[in-house]
Amino acid sequence: MREECGVVGVVKHGDESQPVPAALQMYYALYALQHRGQESSGITVHDGSEPHTIKSMGLVPEVYKKNDLLELKGKVGIGHVRYSTSGDSRIENCQPFIVKYKSGSVAIAHNGNLVNGPDLRKKLGSEGHLFVASSDTEVIAHLLVKELLKYGPVEAIRHVMKQLNGSYSLTILIDDTLMAVRDPFGFKPLCLGTIDSGYVVASESVAIDTLNGKLLRDVNPGELVIFRDGEMESHQLFREVNSAHCVFEYVYFARPDSIIDGKLVYKVRERIGERLAKEYPVDADMVSPVPDSGITSAIGYSRESNIDYEESLMKNRYIGRTFILPGQAMRETAVRLKMNTINENIKDKRIILIDDSVVRGTTSRRIIDMIKNAGAREVHARIGSPPIVAPCYLGIDMASRDELIAAHKTIKGVEAVINADSLGYLSIEGLVDSIGIDRDDLCLGCLTGAYPVDIPGEKMCHRRQLKINEFQ
C-alpha cells in the first residue's frame, strides 16, 4: 500500500532577509514528509506580485538545488510530495497546481482522492474548462477559480466543498494568502504550528518538528484556516456528526514520531503489538519485525509476551524507488536486495514475525520463505491490522478487490498461501482500542466494506447517512 501525498504551507512575517527563507523551510518540511510520496515534488512561493514554482519528478533532494530555492523570493508558499492514486505519474500532475485567472492566481496542493472527481471533470469540461493534467487537484483548482469569480475566498471555498465527495487536505495560495482546508470527515491528517516569525501547516507534525516549530493543533474536519497579516483565523465551514480518520495512518503511513489527531503514532503501534500478544499468543523464541513499519508493534508484542525482541531482517534503505527487474529469479533477487536475513539470529529459532498488513500476500510469502530458508524452525505471522477485504477509494493505493487475498480466502487459507506456521490478524476492536479514538470517528472501509461516504456500488455506513451540517 502507498499513501497519496503530503502537503505543507509556510508563511513568514517581517522582512524577507530572515535567516531561513520560506522556500528553504518548505524544502526541509517536504524532506520530513518524503515517506508520503516519492514520485514528484513541488514548491510554489508568492512574491507579492506573482507565484513562482519549482517542481519535477523525483525525490525531494533530486528536485531542488540550493541556489534555485534561494531564488524563490517570497514570504509565503506551499509544497507537495506526491504518490499517485488518481492521475498518471507524469510531470503534468506534479503539484502544486496553479491556475491564473483575471483576478489573480490560485495554487493548490492536495492529499486525498475525490470519489466524484471524474464526474466533476466532465461537468467542468462541458462548461468549457480546459484540463492539462489528470489529477483531482486540477478539478479542485478549476472549481475554486469558478467560485472566486462570484464570491470572496471563504464563501468560494464553502461552495467548492459542497461539491466535493471524498478525502482532501489542502494547502492553498490565493494570490499571497495561505489557506488550509480539511474535508468534513477529516480522512487525511493536517496540522498547524508556529515557527520563528511565522506559521506552518503540514500533513504531519514531524514537518513542524523539523522546522523547530511548535505544534498547535490539528486542523479540524470541515475547517478552513487562513493566515494573513500575521494572524491566523478559523472558519468552521462544515461539520459532520462523526469524523472518519483513516486507520492506516496509525498502522502504516504516518511516521511513528508524528502526532495524528492528538495521538502519538509510536504509542498507538506499541499498543497494537501489545494487543496482538493478548489476542494471538504463541510459544516462541523471539519476536521480530518486518522493517520498518513492524518495528514498534514488535516492541509492544515483545514487552507484553516477555519474549525477546531480536531482528531477523535487515532493510536496505538505499534502494531506488523504481527498482524493476523482469523474471521470477530477478524478482527474488530484488526482494533480497531490499531486505536480507540475519542468519545467525534465525537458525533453529521459532520466530514471531510482526508486520503491519497483508495485501496480496506475495511479499509476505517471499519474506517468510527467506526466513525459513535461513534456518528458522517456525514462523508465526502476526499482523497489526485486521484483514483487508475491500479496496480504498479515499486516497490509498492498494490492490483491487480481486487481488486482496483476505477478500476471498479464510485466515487459514491466507496462512497457507504465505507459508506461515500460524497467522493472527489484529481484531477491529483491538485496532480501535489501540488507536484510542471512537470507532464512529474512524474510516474502516477497507476492513469492513462499508464506507463513510457514498461510493457507487458499495455499502455505506448507516451512521453516515446524515447530511453535513453547514455553519453560517
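Structural data are supplied above this passage.
Residue numbers restart at each chain and count upward from 1, following the sequence in its written direction. Two thresholds apply to this predicted model, a pLDDT of at least 70 for residue-level local features and 80 or more for giving and counting side-chain atom pairs, whereas whole-chain, interface and lining totals are computed over all residues. Processing note: side-chain calculations cover all non-hydrogen atoms of the structure and skip hydrogens and water entirely.

Novice: Sorry, what's going on with the overall build of the protein here?
Specialist: Under the DSSP-based scheme used, a helix requires at least four consecutive residues in state H or I and a strand at least two consecutive residues in state E, with every element numbered from the N terminus. The secondary structure content of the protein amounts to 17 helices and 29 strands. Against the compact-globule benchmark of 23 Å for 472 residues, the protein has a radius of gyration of 23 Å, which places it among compact chains. Viewed in the frame of its principal axes, the protein has a C-alpha envelope of about 70 × 50 × 40 Å. We call a residue buried when its accessible area falls under 20% of the maximum for its residue type, exposed when it is over 50%, and partly exposed in between, using a 1.4 Å probe and counting protein chains only. In the protein, buried positions account for 56% of the 472 residues. Residue contacts are defined here by distance: any two heavy atoms, one from each residue, within 4.5 Å place the two residues in contact. A sequence separation of at least 24 residues applies to 68% of the contacts in the protein between residues at least 6 apart. Values of accessible area rely on a 1.4 Å probe in the Shrake-Rupley scheme; residue burial ignores everything except the protein chains shown. As displayed, the protein offers around 19,300 Å² of accessible surface, 49% of which is attributable to carbon and sulfur atoms. Averaging the positions of the 56 positive and the 63 negative side-chain charges in the protein gives two centres separated by 2 Å. Only C-alpha atoms enter the radius of gyration, while the globule expectation follows 2.2 Å times N to the 0.38, with N the number of residues. For the charge count, each Lys or Arg is scored as positive and each Asp or Glu as negative, with His and the chain ends excluded. We put the charge of a Lys on NZ, of an Arg on CZ, of an Asp on CG and of a Glu on CD.

Novice: Would you take a moment to explain the packing of aromatic side chains for this structure?
Specialist: In this description, a pair of aromatic rings is defined by centroid distance and the angle of the planes. Classification of ring pairs rests on two measures: the distance between centres of Phe, Tyr or Trp rings, Trp counted by its six-membered ring, which must be within 6.5 Å, and the angle between planes, read as stacked under 30 degrees, edge-to-face over 60 and tilted in between. Within the structure shown, the criterion is met by 7 aromatic pairs. Plain terms: the ring middles of Tyr-27 and Tyr-31 are 5.7 Å apart, the flat faces sit at 75° to each other, and that makes the pair edge-to-face. Of this pair, Tyr-27 and Tyr-31 both sit in helix α1 (residues 22-32), 4 residues apart, which is roughly one turn of the helix. Note on Phe-185 and Phe-187: the rings are 5.5 Å apart at their centroids and 45° apart in plane angle, and the pair reads as tilted. Here Phe-185 matches Phe-187 in class, with each residue buried. By way of ring pairs, the aromatic residues Tyr-27, Tyr-28, Tyr-31 and Tyr-64 are connected into one cluster.

Novice: For this particular structure, what's the right way to read the nonpolar core?
Specialist: Within soluble globular proteins, side chains that are nonpolar tend to cluster in buried spots. By size, the foremost hydrophobic cluster in this structure holds 35 residues, and its most contacted members are Val-247, Phe-248, Ile-388, Leu-431, Ile-435 and Leu-447. When contributions to this core are tallied by element, the ones reaching two or more residues are α8 (248-253), α9 (265-279), α10 (295-305), β22 (350-355), α16 (428-435) and α17 (445-448). Take this core: its biggest share by element is 5 residues, from α9. Among all residues touching Ile-435, those that are not within four sequence positions of it are Val-247, Tyr-250, Lys-263, Val-268, Arg-271 and Leu-442. As used in this record, nonpolar core signifies buried Ala, Val, Leu, Ile, Met, Phe, Trp, Tyr and Cys residues forming a set joined through side-chain atoms within 4.5 Å.

Novice: I would appreciate a short explanation of the environment of Tyr-250 in the present structure.
Specialist: Tracing the chain through its elements places Tyr-250 in helix α8. What makes Tyr-250 buried here is its relative accessible area of 0%. On a C-alpha basis, the gap between Tyr-250 and Val-10 in space is 25 Å, while along the polypeptide they are 240 residues apart. Beyond its immediate sequence surroundings of up to four residues, Tyr-250 is in contact with Ile-260, Asp-261, Lys-263, Val-265, Val-268, Arg-269, Ile-435 and Ile-437.

Novice: Help me out: how do you make sense of the sheet that holds strand β25 (residues 422-425) in this one?
Specialist: Whether parallel or antiparallel, the strands of a sheet pair through hydrogen bonds between backbone atoms. In short, DSSP must find at least two bridges between two strands for them to pair. If you walk across this open sheet you meet the 4 strands as β19-β22-β23-β25, and the pairing is parallel. What marks the edges here is a single partner per strand, and that holds for β19 (286-289) and β25. Strand-to-strand twist of the sheet, defined as the mean angle between neighbouring strand axes without regard to direction, takes the value 25°. The pairing of β19 with β22 spans 4 bridges and is classified as parallel. Of the residues in β22, the one forming a bridge with Met-286 is Ile-351. A fitted line through C-alpha atoms serves as each axis, taken over the contacting stretch for helices, and the angle formed by two N-to-C directions is quoted from 0 to 180°.

Novice: How should I be thinking about the state of the cysteines in this particular structure?
Specialist: By definition, a disulfide links the sulfur atoms of two cysteine residues through a covalent bond. Pairs of cysteine sulfur atoms within 2.5 Å are identified as disulfides in what follows. What the rule picks out here adds up to 0 disulfides. For the unlinked cysteine Cys-443, the closest cysteine sulfur is that of Cys-246, found at 6.3 Å. Of all cysteine sulfurs, the one in Cys-443 lies closest to Cys-461, which takes part in no disulfide; the gap is 7.4 Å. By relative accessible area, Cys-461 is classed as buried at 14%.

Novice: Quick question: what am I supposed to make of a nonpolar patch on the surface here?
Specialist: Think of a patch as exposed residues, more than 30% relative accessible area, with no salt bridge, where like charges cluster within 9 Å and nonpolar side chains (Val, Leu, Ile, Met, Phe, Trp, Tyr) cluster within 5 Å. Any carboxyl oxygen of Asp or Glu within 4 Å of a side-chain nitrogen of Lys or Arg constitutes a salt bridge here. A contiguous nonpolar surface patch, about 210 Å² in accessible area, is contributed by Ile-259, Leu-264 and Tyr-266. With respect to the helices, strands and loops of the structure, Ile-259 is situated in strand β17 (residues 259-260). For Ile-259, a relative accessible area of 31% translates into the label partly exposed.

Novice: What's the story with the environment of Asp-440 in this structure? I'm lost.
Specialist: Inspection of the secondary structure puts Asp-440 in the loop between α16 and β26 (442-443). For Asp-440, a relative accessible area of 34% translates into the label partly exposed. Spatially, the C-alpha atoms of Asp-440 and Pro-452 are 9.5 Å apart, while their sequence positions differ by 12 residues.

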